[in-house]
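Architecture and fold: a report
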Amino acid sequence: MSISIEILKQQLLFRDMDIRLVEVIAEKAVFKSFKAGTYIIREGEPADAFYIITRGKAALEMNGRQHTVVIQTVDTGEALGWSWLVAPFEWTFSARAAEPTELIAIDGAYLRKQCDCNPLLGYELLRRIVDVLSSRLQAARVQLLDIYSPPEYHRQNVKRGVK
Amino acid sequence: MTLGLDSMTPVMFEVTRIWREIPQTYSLEIMPQQNAGAFSFYPGQFNMLYVFGSGEIPISISGNPVNRNTIIHTIRSVGYTSRAMTLLRPGEPIGVRGPFGTFWPANEAEGKDVLIVAGGIGLAPLRPLIYQMITERDRFHSVTLLIGARAPDELLYSGEFDIWRKSGLAIDITVDKANEQWHGSVGVVTKLVGRAGIDPANTVAYVCGPEIMIRFTAAECMKYGVAADQIFISLERSMECGVGLCGHCQLGPYFICKDGPVFRYAQAQNLLKIREL
């Protein structure tokens, strides 16, 4: 099912974007839905689309040494996946629908080609995606700090002299 | 203190109940040994608890302020005295000085959206405020509680979440590391701020957790438009006397025990950026 420009404009990522650019994106945008527990994308497979979640939630998973680890969840209104933009255009993680999930899927190869041909679209899209990437990077850094852990709490308090 | 003794002399209480909340973390219910009168406190205040033979430490009050017969504290066993405290049994004595410090100003949020953000054991000092908000729910517009924890089994007071939801609180939870049973959000608590559905210009935020979590959460609240003087935080330092005499808990011009532990973020934000403090 194709998607109207109005629906795309409602998405946070495309809000305030020039209507002519949204029209180009809408050309190859469709709705997709996934049942809870099913994979939306799989690590290592071709990254053929750019997703925006319109309903539900996706769990981003990476294969650890012995088991799969959920590294983050992505919620309604958020963008999912940028591997369609970066060579070799393969997903670097998997995403599984954590609940019944609906997404806007935009053809990745088409978007790349349009960005190459239309620098204004390329800049606008990248600017917005970098904003998402920046937030995710910052969140990952904070997550790395393990901010709630008892050992950290212990170290802080020992330093402060709490008994 | 309403028990009639000076603030440097512990009042004798006895343990009535102790129970495990999450790994390494216990709640301790105590009551006065003699008929010493009612104990009253404001949400966010703390007591100095004295385990005889082990030492005295500051612990936030985590129970319901309406209950004046018993007091509940939630303690994480991380050091010699706190470990000794978690090993106390019903009937054993404990010394209490307090309550001390500033409190969560619920009045500031009257008619406004309320955002309560808790990280890890930071939910303990916020729970009395949650009880107050539930009791006086009509005074506030929306009340949203955001909780971040390391893992699902480290979610404090999880048995009360359904009751709180039914009492008019919106609750959103995230964990850093999920197990297979967890179907909720994974990621840092700051991420929940953006989807809290608050009117930032008309919101009062109450934030408690490790200091690093407080800084990131306050920054996120401000990014969405909550003013720094409408964000209240609770700080920790090495508190000894509890009344601003000894200076152990000094943070720049403030004594945490007397001028805090609850501060407006606008008061403390620059001090929190100084590593040496």
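First, a word on what this report is: a plain description of the structure on this page. (Residues numbered from 1 in each chain as written. Chains lettered and ligands numbered in written order. Predicted model: local features only at pLDDT ≥ 70, side-chain atom pairs only at ≥ 80, totals over all residues. Heavy atoms only, no water.)

**Thoughts on the packing of aromatic side chains**
Residues and elements named next belong to chain B. A complete count under the given rule lists 12 aromatic pairs over all chains for this structure. Between Trp104 and Tyr206, the aromatic rings sit 6.0 Å apart at their centres with planes inclined by 90 degrees, giving edge-to-face as the arrangement. Here Trp104, found in the loop between β6 (93-100) and β7 (113-119), pairs with Tyr206, found in strand β11 (residues 203-208); they are 102 residues apart in sequence, far enough to count as distant. Note on accessibility: Trp104 and Tyr206 belong to one class, buried. (Phe/Tyr/Trp six-rings, centres within 6.5 Å; stacked < 30°, edge-to-face > 60°. Helix = DSSP H or I, 4+ residues; strand = E, 2+ residues; numbered from the N terminus. Buried < 20%, exposed > 50% of the residue type's maximum accessible area, 1.4 Å probe, protein only.)

**Some remarks on unusual backbone geometry**
Note the cis peptide between A:Ala87 and A:Pro88, where omega equals 10 degrees. Relative to the helices and strands, A:Pro88 is located in the loop between β6 (79-80) and β7 (94-97). In this structure, A:Phe89 takes a positive phi of about 60 degrees despite not being glycine. Inspection of the secondary structure puts A:Phe89 in the loop between β6 and β7. What makes A:Phe89 partly exposed here is its relative accessible area of 28%. The backbone of B:Gln24 shows a phi angle near 70 degrees, a positive value even though the residue is not glycine. Along the chain, B:Gln24 turns up in the loop between β1 (11-22) and β2 (25-32).

**Quick look at the packing of helix α2 (residues 19-26) of chain A against helix α4 (residues 119-144) of chain A**
Residues and elements named next belong to chain A. Two elements in contact, α2 and α4, have axes separated by 10 Å at closest approach and are oriented at 85 degrees. By the criterion of interaxial angle, the relationship of α2 to α4 is roughly perpendicular. Packed against α2, whose contacting residues are Leu21, Val24 and Ile25, the element α4 presents Leu120, Leu121, Glu124 and Leu125 at the interface. Of the residues belonging to the contact of α2 with α4, the class tally is 6 nonpolar, no polar and 1 charged. (Axes fitted to C-alpha atoms, helices over the stretch in contact; angles between N-to-C directions. Parallel < 35°, antiparallel > 145°, perpendicular 65-115°, else oblique. Contact = heavy atoms within 4.5 Å. Nonpolar A, V, L, I, M, F, W, Y, C, P; charged D, E, K, R; others polar.)

**Let's talk about the interface of chain A and chain B**
The interface of chain A with chain B comprises 26 residues on the first partner and 37 residues on the second. Carbon and sulfur atoms supply 55% of the area that chain A and chain B bury against each other, a total of about 2900 Å² over both sides. Where chain A meets chain B, there are 3 salt bridges. We note a salt bridge from B:Lys191 to A:Glu78, for which the minimum N-O separation is 3.6 Å. Taken together, chain A and chain B are joined by 5 residue pairs in polar contact (both at pLDDT 80 or more). (Buried area = accessible area lost by both parts, 1.4 Å probe. Salt bridge = Lys/Arg side-chain N within 4 Å of Asp/Glu carboxyl O. Polar contact = N/O pair within 3.5 Å; in protein donor to acceptor, adjacent residues only side chain to side chain.)

**What to know about the packing of helix α4 (residues 211-223) of chain B against helix α6 (residues 265-272) of chain B**
Residues and elements named next belong to chain B. Their axes nearest at 11 Å, the elements α4 and α6 cross at an angle of 125 degrees. Considering the angle they form, α4 stands oblique to α6. Pair α4 / α6 crosses with left-handed handedness. Here Glu211, Arg215, Ala218 and Met222 of α4 lie close against α6, whose contacting residues are Tyr265, Gln269 and Leu272. In terms of residue class, the contact of α4 with α6 is built from 4 nonpolar, 1 polar and 2 charged. (Left-handed = near helix turned anticlockwise from the far one by under 90°.)

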